[in-house]
Amino acid sequence: MNHSDPYYEEACHLHREVPVVDAHNDLAGELLLRHQRGEERVIERLYLPHWKAAGFQLIVSSIYIENSIFFPDNEEARGIGNAEKKDWNYYWNRQALCWDAGFANALAQIREIKKELTELPEELCLVTCRDDLTAIRKREKIGILLYMEGLDCIGVDVSRIHTLYQLGVRGASLTWSRPNLLAVGCCSATKHTDLPGPITSLGWQVLEALQQHHMFLDISHLNHEGWEQIDRQYTTEYSGRSSYVPYIATHSNSCTVYSSYRNLTDRQMSALASQGGIMGLNACKYIVGCDDPADYLDAMCCHMEYIVNKIHATHLGFGFDLCDSYSRARYRIDTPSCGDPSFPADRTQRFLPEDCLQNHKEALLLTARLLKRGMHEQNVLRILGLNWLEYFALLLE
């Protein structure tokens, strides 16, 4: 799109009208990866210019822990052979996953993101209370709010919820796309089969702990069986409480527009909206359902328009899940090898771009396309940030 286009100019204006929010980004994990390889001031170099260009004032950073972090170091000591493929199910079926290793990784991610925030105290802050959110609304700071993308790492120790809360975490999903001791996650973005399994008794203890700590529940990665329990039992049990925090889907699209188990059905969308929840538009091409870069913007707009028509604009925001920067860090695409013999020679082959937007600045292009297709300006403002700001004000009161 030509940046002199009137729709782009209007998009720029709207992005200055309200603080823009992205409710899902794997920032903390990326920082840990890059810091481990000697990089510094990552937010300042790779993110801050784009956030400022598009008016982003609040980023919800997930604490996402890769499968391999939980894999045992000493397989022989655990009686595990070496002939079979080593994946999550391999170790899960043998009850050999190391929950403590995952918890240590979560703590490391929190430490590293806080380190970067302290390096730019005039521009960035950790959002843990209502006063922090007030600074965001006034555009005095760009805020980072932490949440757990899966609680595998607590193992059977529910008290770790309190530890995470004290460290600044303000929400969680029970699962990522895998089973754990609490519940079962839905399939990954590239697959189209739901994984069976209920929320466990331990999972219900964790849900109670989240409510007691006034932490939000994210259902984006929960399987259908687990969601049915949330719809029947969780909402019935907790929605009557004055302290109830509506559950949300931080990074899920419409299953009707693109049939993926990572997206929400019409029934799930309606139930989410009826108890005050919000959906975050995911920009992963496998969840949007589009392989042609020329069609990315329109494909995302189709999801947004459908969701607005189905459950109203008050229940939609951004939750882009921009993964490519994380993947570049993981495969060291933009990090010199420095003669390291262990450096993966096939790194460019292992990295496949997944994002429909290259960075947060390109959210301006999405907004411009949405306006061009006829979305009402007031609905756009709600999607840009008003919905999420109202939700997090309720959460942090």
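**Observations regarding the overall build of the protein**
Phase 1: Tallying secondary structure elements over the protein gives 16 helices and eight strands in all.
Phase 2: Computed over C-alpha atoms, the radius of gyration of the protein comes to 20 Å, within 12% of the 21 Å expected from 2.2 N^0.38 for 397 residues, which places it in the range of a compact globule.
Phase 3: For the protein, the spread of C-alpha atoms along the principal axes amounts to about 65 × 60 × 40 Å.
Phase 4: Expressed as a percentage of its 397 residues, the buried residues of the protein come to 59%.
Phase 5: For the protein, restricting intrachain contacts to residue pairs at least 6 apart in sequence, the fraction spanning at least 24 positions comes to 75%.
Phase 6: For the protein, the computed accessible surface area is about 16000 Å², with 48% contributed by carbon and sulfur atoms.
Phase 7: For the protein, the distance from the average site of its 38 positive side-chain charges to the average site of its 52 negative ones is 1 Å.

**So, the confidence of the model for the protein**
Phase 1: Per-residue confidence for the protein gives a mean pLDDT of 92, with 92% of residues at or over 70.
Phase 2: In the predicted structure, residues 337-343 sits below a pLDDT of 50 and forms five contacts with residues beyond four places in sequence or in another chain.

**Describing the pattern of salt bridges**
Phase 1: Counted under the stated rule, the structure contains 20 salt bridges.
Phase 2: A salt bridge links E228 to R267; the nearest nitrogen and oxygen atoms lie 2.6 Å apart. Residue E228 is located in helix α9 (residues 224-238), and its partner R267 is located in helix α10 (residues 266-274); the two are separated by 39 residues in the primary sequence.
Phase 3: Looking at E228, the relative accessible area reads 25%, which means it is partly exposed.
Phase 4: When its relative accessible area of 46% is taken as the criterion, R267 is described as partly exposed.
Phase 5: Residues participating in the shared-partner salt-bridge network are E30, R34, E39 and R45.

**Focus: the pairing of strand β5 (residues 169-173)**
Phase 1: Taken across its five residues, β5 has five buried, putting it largely inside the fold.
Phase 2: As judged from the three bridges shared by strand β4 (residues 142-149) and β5, these two strands associate in the parallel manner. Bridged to M148 within β5 is A172.
Phase 3: Once the chain exits β4 it traverses helix α7 (residues 160-166) before rejoining the sheet at β5, and the crossover so formed is right-handed.
Phase 4: Relative to strand β6 (residues 216-217), β5 runs parallel, the two sharing two bridges.

**With respect to the nonpolar core**
Phase 1: Core analysis: the largest hydrophobic core is formed by 105 residues, its most contacted members being W51, Y247 and F320.
Phase 2: No other element matches the nine residues that helix α12 (residues 296-311) contributes to this core.
Phase 3: In contact with Y247, other than residues within four places in its own chain, are L217, I219, W227, I230, Y234, T235, A271, L272, Q275, G277 and I278.
Phase 4: C125, V127, L133 and I278 belong to the second-largest nonpolar core, a separate cluster that totals 21 residues.

**Some thoughts on the packing of aromatic side chains**
Phase 1: Under the definition given, this model contains 20 aromatic pairs.
Phase 2: Ring geometry for F71 against Y91: centres 4.4 Å apart, planes inclined by 40 degrees, an arrangement best described as tilted. Of the two residues, F71 is situated in the loop between β2 (56-63) and α4 (88-93) and Y91 in helix α4; the sequence distance between them amounts to 20 residues. This pair shows no difference in class: F71 is buried, exactly as Y91 is.
Phase 3: One aromatic cluster in this structure is built from Y147, F216, W388, Y391 and F392.
Phase 4: Just above the ring of Y90 sits the side chain of R94; from NZ or CZ to the centre is 4.0 Å.

Rules and cut-offs
- Residues numbered from 1 in each chain as written.
- Predicted model: local features only at pLDDT ≥ 70, side-chain atom pairs only at ≥ 80, totals over all residues.
- Heavy atoms only, no water.
- Helix = DSSP H or I, 4+ residues; strand = E, 2+ residues; numbered from the N terminus.
- Rg over C-alpha atoms; globule rule 2.2 N^0.38 Å.
- Buried < 20%, exposed > 50% of the residue type's maximum accessible area, 1.4 Å probe, protein only.
- Contact = heavy atoms within 4.5 Å.
- Areas by Shrake-Rupley, 256 points an atom, 1.4 Å probe, with all protein chains shown as cover.
- Lys, Arg positive; Asp, Glu negative; His and termini not counted.
- Charge placed at Lys NZ, Arg CZ, Asp CG, Glu CD.
- pLDDT = per-residue confidence, 0-100.
- Salt bridge = Lys/Arg side-chain N within 4 Å of Asp/Glu carboxyl O.
- Pairing = 2+ DSSP bridges.
- Right-handed = clockwise from strand over helix to strand, strands pointing away.
- Core = buried A, V, L, I, M, F, W, Y, C linked by side-chain atoms within 4.5 Å.
- Phe/Tyr/Trp six-rings, centres within 6.5 Å; stacked < 30°, edge-to-face > 60°.
- Lys NZ or Arg CZ within 6 Å of the ring centre and 35° of its normal.

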